[in-house]
Amino acid sequence: MGARLLLNRSQWIAPTDAGSSLVAFDRTHKAGIAAFFTWGWSAYVGTGFEIAYQGVGQRFYGIGANTDPYRAEVNQQSLRLGLAVQPQYAQENWGLWASVAPGFTFLTQTELVYQGDSLASGSLTSPQIIQQVIRYLDQSTDPNDRLLLNRMYRRAVPVIHLAGGLRVRIAPQVWVLGLLSYERSFGDLERKGYRLSEESPPLYDLQRGPVRYQLLGLQLGIQYEVPLRD
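Because the structure is a prediction, the values reported are computed rather than measured. (Residues numbered from 1 in each chain as written. Predicted model: local features only at pLDDT ≥ 70, side-chain atom pairs only at ≥ 80, totals over all residues. Heavy atoms only, no water.)

Q: How should unusual backbone geometry be read in this particular structure?
A: Excluding glycine, residues mostly carry a negative phi; peptide bonds, for their part, are mostly trans. The backbone of Thr-67 sits at a positive phi, close to 65 degrees, despite the residue not being glycine. Looking at where Thr-67 falls in the secondary structure, it is placed in the loop between β4 (45-63) and β5 (69-90). Residue classification places Thr-67 among the exposed positions, given a relative accessible area of 63%. Even without glycine at this site, Gln-173 takes up a positive phi of about 70 degrees. With respect to the secondary-structure elements, Gln-173 resides in the loop between β7 (156-171) and β8 (174-185). (Helix = DSSP H or I, 4+ residues; strand = E, 2+ residues; numbered from the N terminus. Buried < 20%, exposed > 50% of the residue type's maximum accessible area, 1.4 Å probe, protein only.)

Here you go:
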């Protein structure tokens, strides 16, 4: 068992945004923490599960309708649960460790940010959608409308998380882990048929394609091996 600190570069894979002259992507970094529990079937492989709480999101920028710059952000927090296969190898004081963990990520919190020049009204690109939702919330008097920040996205999506790197023994049964990681979601993060109200049209343009995320990261962790008695 053990725990890992996560530092990820978060990126949305959004072909519609990438193909628009209105939108450019800025680097987005997110942190998180993961815990894992493993049953070692042999000295070289174990199986178990992982649980992680981490940030996901994307920053956007571009030129608005008045030729001035704008910036927009989607910031999310999510809980990831996965079943893991964890190969490992050890010499006396060093070794290798890896994890392959397919599972699901569950959205817990969403924040939208828009600053600078406005864009022409629309719902094809992410900055247009962010701008539209923030304007709606600014005019709304219903406190329950704050819940739409999560409802406009899917509550759960399938993911796969990969990590691997070195481990160094610092005490009997205690290892420090230094890992590289990659995570990718599948399906679509957005609920394409969602409406801000019963009278409004769908929030997302029908021509908008699916949106996924990927995380490239560094991880620093600790692993504790519990010896089992026969």
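Now, onward.
Q: Help me understand the packing of aromatic side chains in this model?
A: Two aromatic rings, taken as a pair, are described by how far apart their centres are and by the angle between their planes. Using the criterion set out here, one finds seven aromatic pairs in the structure. Residues Phe-25 and Phe-60 carry aromatic rings whose centres are separated by 5.7 Å and whose planes lie at 50 degrees to one another, so their mutual orientation is tilted. Placement of Phe-25 in strand β2 (residues 24-26) and of Phe-60 in strand β4 is noted, with a sequence separation of 35 residues between them. For Phe-60, a relative accessible area of 0% puts it in the buried group. Taken together through their ring pairs, the aromatic side chains of Trp-12, Phe-25, Phe-60 and Tyr-153 make up a single cluster. The cationic tip of Arg-167 hangs over the ring face of Trp-175; the distance from NZ or CZ to the ring centre is 4.1 Å. Above the ring of Tyr-204, the side-chain terminus of Lys-192 is found at 5.4 Å from the ring centroid. (Phe/Tyr/Trp six-rings, centres within 6.5 Å; stacked < 30°, edge-to-face > 60°. Lys NZ or Arg CZ within 6 Å of the ring centre and 35° of its normal.)

Q: Just checking my understanding: could you explain the environment of Gln-77 for this structure?
A: Topologically, Gln-77 is positioned in strand β5. Residue Gln-77 is classed as partly exposed on the basis of its relative accessible area, which comes to 27%. Sequence separation between Gln-77 and Gln-54 is 23 residues; the distance between their C-alpha atoms is 5.8 Å. The contact partners of Gln-77, leaving out residues within four places of it in the chain, are Tyr-53, Gln-54, Gly-55, Phe-106, Leu-107, Thr-108 and Gln-109. (Contact = heavy atoms within 4.5 Å.)

Q: How do you make sense of the nonpolar core when you look at a structure like this?
A: Side chains of a nonpolar character, in soluble globular proteins, are inclined to be buried together. Ranked by size, the top nonpolar core spans 30 residues in total, and within it Trp-12, Leu-112, Val-133, Leu-148, Met-152, Tyr-153 and Leu-203 carry the most contacts. Of all the secondary structure elements, the ones that give two or more residues to this core are β4, β5, β6 (94-116), α2 (126-139), α3 (148-151), β7 and β9 (212-224). Judged by nonpolar contacts, the second largest core, of five residues, contains Phe-36, Ala-163, Leu-177 and Leu-179. (Core = buried A, V, L, I, M, F, W, Y, C linked by side-chain atoms within 4.5 Å.)

Q: When you look at the environment of Asp-188 in this model, what are you seeing that I'm missing?
A: Relative to the elements of secondary structure, Asp-188 occurs in the loop between β8 and β9. A relative accessible area of 13% means that Asp-188 is categorised as buried. Among all residues touching Asp-188, those that are not within four sequence positions of it are Arg-154, Val-157, Gly-209, Pro-210 and Val-211.

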